[in-house]
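Structure at a glance
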Amino acid sequence: MSSAPSEITSASTTFDIAAIRRDFPLLDRSVNGKPLVYADNAATTQKPNVVIERIKRYYEYENSNIHRGVHTLSEDATEAYEIARSCVKQFLNAAHESEVIFTSGTTESINLVAQSYARTNLVAGDEILVSELEHHANIVPWQMVCQQTGAILKVAPINDAGEIILEAFAELLSARTRIVAVGHISNALGTVNPVERIIELAHEVGAVVLIDGAQASIHTPMDVQALDCDFYAFSGHKALGPTGVGVLYGRASLLEAMPPWQGGGDMIKVVTFEHTEYNTLPYKFEAGTPNIAGGLGLAAALEYFMALDITAVMAHEHALLNCAIARAASIPQLQLVGTAADKAAVVSFNIEGVHPHDLGTLLDQQGIAIRTGHHCAMPVMSRLGLSGTARASFALYNTEDEVHAVFDAIEKVLPMLLD
Ligand code: C6P
């Protein structure tokens with residue numbers, strides 16, 4: 001590759017919260033005249049300088065289409081994109097680069113499996129098993145496949161704490177179960193699901209397992225080979241990377257046998273009007289010009305993350321969770337929603353007599369960003385008898401002071417809301 005004008009470096013190679021915060025320029029801004037407290041990381045994370053710079057460098061210096069040109073720019077961009085794929089492979093601990101398919105995000109990754117694997121392999125009477133916790137992106141694509149094939153969608157129940165009831169899950173498994181699709185971590189409640197056990201149980205009945213890792217990618221150790229899942233989906237933008245790019249990991253033996261989902265350039269070897277020969281993996285599933293800058297930005301994000309002490313990151317996020325739970329417990333009107341034993345740093349709650357949107361709006365005036373509503377998980381809300389919640393979700397760059405700021409602000413606006 002030709003050398004770039006400047007090398008991109010990251011300040012933090014270990015877990016140093018002050019250094020980490022300096023890497024994220026947006027955290028410095030104020031909102032409504034107050035210092036920003038960004039607690040909406042389950043919706044999307046902020047981006048470190050290395051990601052912003054990587055995308056800028058691509059457009060300033062390297063912009064070219066990939067897998068097509070013989071000129072230097074195109075060859076360089078192609079090489080960079082394939083290095084980005086290797087970086088994702090390393091992040092996931094996939095066995096091979098060909099098992100890493102770039103998509104536009106978790107939603108597209110799940111739809112790809114639904115339309116390529118499930119639509120062609122399932123017949124009427126087959127079953128797809130999801131859980132009550134799922135995000136709409138891990139429900140609706142399966143409902144669509146059920147309509148197309150006559151397969152049946154089964155739903156594993158949760159308990160009042162927001163945990164999948166494993167015994168009930170196991171009872172729903174049978175020889176008819178062809179696909180199990182569950183989230184690694186619930187976006188609405190923060191529950192960390194026992195995916196290792198779920199995968200084991202599903203494999204015992206011969207089902208193929210897709211894990212929706214949108215909320216897990218940078219919040220739990222990642223190893224698709226140790227998990228032994230068949231498919232794993234995640235989004236770049238929830239993993240410190242850009243929007244519009246994501247990943248589908250698939251076991252090579254399954255991907256090989258699956259037909260392409262979309263047709264177009266790059267996913268073919270030979271095209272005639274009589275016959276088209278498809279490309280090899282992973283290109284068979286990457287029709288058209290991909291989000292090249294997005295792929296490079298995602299790799300920069302994952303490299304940044306992998307350079308950190310991941311055990312320390314997890315411990316830090318756990319401390320934030322414990323701090324949030326303790327503060328929540330000190331507000332009598334506040335009711336936590338989702339009290340699983342194993343939780344990520346996502347705290348969902350309601351305040352008696354207060355609409356979550358009203359709370360979110362008043363917190364925004366204090367510079368605090370949280371999400372309110374059903375969190376694209378309406379079935380879990382209805383299971384818990386709620387129309388929505390307020391949700392504070394934290395990431396590696398949040399501090400305990402910020403957790404306190406969220407709850408201090410709730411205490412401050414509460415009298416106005418209850419008036
Ligand atoms: N959850 C949230 O605020 P996309 O939009 O494709 O990047 O991710 C979809 C998705 C799938 N599964 C889970 C578990 C998710 O949390 C999300 C996105 C965001 O909770 C936006 S609704």
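The preceding data block contains the structure.
Note on numbering: residues in each chain are counted from 1, in written sequence order. With the structure being a predicted model, the display of local features is reserved for residues of pLDDT at least 70 and the display and counting of side-chain atom pairs for 80 or more, all residues being used for whole-chain, interface and lining totals. The side-chain values count all of the structure's non-hydrogen atoms but skip hydrogen atoms and water molecules.

A few points about the site of the ligand
Around the ligand, a shell composed of 16 residues is seen, among which T107, D212, Q215, S235 and R371 lie nearest. Here a polar contact means two N or O atoms within 3.5 Å. Within protein one must be a hydrogen donor candidate and the other an acceptor candidate, and residues neighboring in sequence count only if both atoms are side-chain atoms. The backbone of T106 places a nitrogen or oxygen atom 3.5 Å from an oxygen atom of the ligand. Throughout, the protein atoms alone are placed on a 1 Å grid, and a set of points is a cavity if a 1.4 Å probe fits but cannot get out or a pocket if it is open with protein on both sides within 12 Å along at least five of seven lines; lining residues have an atom within 4 Å of a point. Being in a pocket or cavity means that more than half of the molecule's atoms lie within 2 Å of its grid points. Placement of the ligand is best described as lying within the second largest pocket. Across the shell around the ligand, the residue classes break down as five nonpolar, seven polar and four charged. Shared between two domains, the shell around the ligand takes at least three residues from each, and those domains are domain 1 (7-41 + 309-418) and domain 2 (52-306). For this description, a residue counts as near a given molecule or strand if any of its non-hydrogen atoms is within 4 Å of it. Ten residue types, Ala, Val, Leu, Ile, Met, Phe, Trp, Tyr, Cys and Pro, are classed as nonpolar, four, Asp, Glu, Lys and Arg, as charged, and the remainder, Gly among them, as polar. For the purposes of this description, domain bounds are those given by an automatic or database domain assignment.

Focus on the nonpolar core
In this structure, L92, V180 and Y232 are the most contacted members of the largest nonpolar core, which totals 76 residues. Helix and strand labels come from DSSP, where a helix needs a run of H or I of at least four residues and a strand needs a run of E of at least two; each type is numbered from the N terminus. Residue contributions to this core peak at ten residues, all from helix α10 (residues 292-306). Any two residues whose heavy atoms approach within 4.5 Å are treated as being in contact. Apart from residues lying up to four places away in sequence, V180 is in contact with L129, F169, L173, I198, A202, A207, V208, V209 and L210. Throughout this description, the term nonpolar core refers to a set of buried Ala, Val, Leu, Ile, Met, Phe, Trp, Tyr and Cys residues connected via side-chain atoms within 4.5 Å. For every residue, the accessible area (1.4 Å probe, protein chains only) is compared with the maximum for its type, and the residue is labelled buried under 20%, exposed over 50%, or partly exposed between those bounds.

Examining the pattern of salt bridges
Note on definitions: salt bridges are taken to be side-chain nitrogens of Lys or Arg within 4 Å of carboxyl oxygens of Asp or Glu. Tallying each qualifying case throughout the model produces 16 salt bridges. Between D126 and R178 there is a salt bridge; the shortest N-O distance is 3.0 Å. In this pair, D126 is assigned in the loop between α4 (106-121) and β5 (127-131) and R178 in strand β7 (residues 177-183), connecting sequence segments 52 residues apart. Here D126 falls in the buried class, since its relative accessible area comes to 10%. Through salt bridges with shared partners, a single ionic network connects E82, R85 and E286.

With respect to the pairing of strand β11 (residues 268-271)
Every other side chain in a regular strand lies on the same face of the sheet, so the side chains alternate between the two faces. Relative to strand β12 (residues 276-278), β11 runs antiparallel, the two sharing three bridges. Bridging from a neighbouring strand, V271 pairs with T276 of β12. For two strands to be treated as a pair, DSSP must find no fewer than two bridges joining them. From the end of β11 to the start of β12, which pair antiparallel, there are four residues.

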